[in-house]
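One-letter residues, chain by chain:
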Amino acid sequence: MKRTAFALTLLASAGATTAADWALVADASKLEFASSYDGEAFTGRFKAFTPTITLDPAAPEATRIDVSIDLGSADTGNEERDGTLATPDFFWTGKFPTARFTTTACKAGAAAGAIDCEATLTIRDRTVAMPFPLRFEASGDRATLKATALVDRIAFEVGGGDWADTDLIPKDVAVTVDLVLSRR
């Protein structure tokens, strides 16, 4: 009887996994976006964002990612464009200073290290569901999390008014996530 109870305890604990909490290594990480204006491509980045990440590649369904993004930290290397991004026609940082990204469900992807998540992104006062496939690789107490996603700016009313013309600015903005993490 004792052996049976012991064996059941071992089996139960072998199947249990604990997702790890990961901290951002800010100076080695990037959150970038790319688009174009009147046919001229540009890339920008958010200098300030705060992720909370819980992830274990052995239990991808336990993945939880929640990111607060300081929209006023958008930097495209062009002062005029950066100033325009802060206006009510775009991010309207005076009223909506942050964006929020949150995963809602995750599962194992097809390749090693791949995790397919469903997520929501809130910009201004609009929340939109989106797929978020990511790649996670851990080695000891360090890890990388990489992803690319297309964000429909029109769904968030980013680039409203005269800027809503998708011939001038494409509807989809490419977002690239390249994070270096350390285990907490």
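Keep in mind the model is a prediction, meaning the values are calculated, not measured. (Residues numbered from 1 in each chain as written. Predicted model: local features only at pLDDT ≥ 70, side-chain atom pairs only at ≥ 80, totals over all residues. Heavy atoms only, no water.)

**Q** Which residues make up the pairing of strand E11 (residues 172-183), and what values go with them?
**A** Of the strand pairs in this sheet, strand E1 (residues 20-24) and E11 are connected by three bridges, and their pairing is antiparallel. The residue bridging leucine 24 from the neighbouring strand is leucine 181, located in E11. Here five bridges tie strand E2 (residues 30-37) to E11, and the two strands are oriented antiparallel to one another. Across the sheet, alanine 34 pairs through a bridge with alanine 174, a residue of E11. (Pairing = 2+ DSSP bridges. Helix = DSSP H or I, 4+ residues; strand = E, 2+ residues; numbered from the N terminus.)

**Q** Which residues make up the packing of aromatic side chains, and what are the values?
**A** Inspection of every chain in the model, using the stated rule, returns seven aromatic pairs. Arranged with centres 5.5 Å apart and planes meeting at 70°, the rings of tryptophan 22 and phenylalanine 136 form a pair that is edge-to-face. On the criterion of sequence distance, the pair formed by tryptophan 22 in strand E1 and phenylalanine 136 in strand E9 (residues 126-139) is long-range, its members being 114 residues apart. Each member of the pair, tryptophan 22 as well as phenylalanine 136, carries the same accessibility label: buried. Summarising the aromatic geometry, the rings of phenylalanine 90 and tryptophan 163 are spaced 5.4 Å apart at their centres and angled 55° between planes, so their arrangement reads as tilted. Of this pair, phenylalanine 90 sits in the loop between helix H2 (79-85) and strand E7 (98-108) while tryptophan 163 sits in the loop between strand E10 (142-152) and E11; the two residues are 73 residues apart in sequence, bridging distant segments of the chain. A relative accessible area of 8% means that phenylalanine 90 is categorised as buried. (Phe/Tyr/Trp six-rings, centres within 6.5 Å; stacked < 30°, edge-to-face > 60°. Buried < 20%, exposed > 50% of the residue type's maximum accessible area, 1.4 Å probe, protein only.)

**Q** Mind laying out unusual backbone geometry, listing which residues take part and the relevant values?
**A** With a phi angle near 55°, tryptophan 92 is a residue other than glycine that sits in the positive phi range. Positionally, tryptophan 92 belongs in the loop between H2 and E7. A positive phi angle, close to 60°, is found at arginine 124, a residue other than glycine. With respect to the helices, strands and loops of the structure, arginine 124 is situated in the loop between strand E8 (114-123) and E9. Residue class for arginine 124 comes out buried when judged on its relative accessible area of 12%.

**Q** So what's going on with the layout of surface pockets? Residues and values would help.
**A** Space inside the largest pocket adds up to approximately 830 Å³. Residue lining of the largest pocket: 40 residues in total, with Phe33, Phe46, Leu85, Phe91 and Val173 positioned closest to the centre. With five residues, E2 is the largest single contributor of residues to the lining of the largest pocket. Tallied by class, residues from the lining of the largest pocket come to 32 nonpolar, three polar and five charged. (1 Å grid on protein atoms, 1.4 Å probe; cavity = no way out; pocket = protein on both sides within 12 Å on 5 of 7 lines; lining within 4 Å. Points joined across faces, edges and corners; volume = space filled by probe spheres on them. Nonpolar A, V, L, I, M, F, W, Y, C, P; charged D, E, K, R; others polar.)

Function cannot be inferred from these measures alone, as they are strictly geometric.
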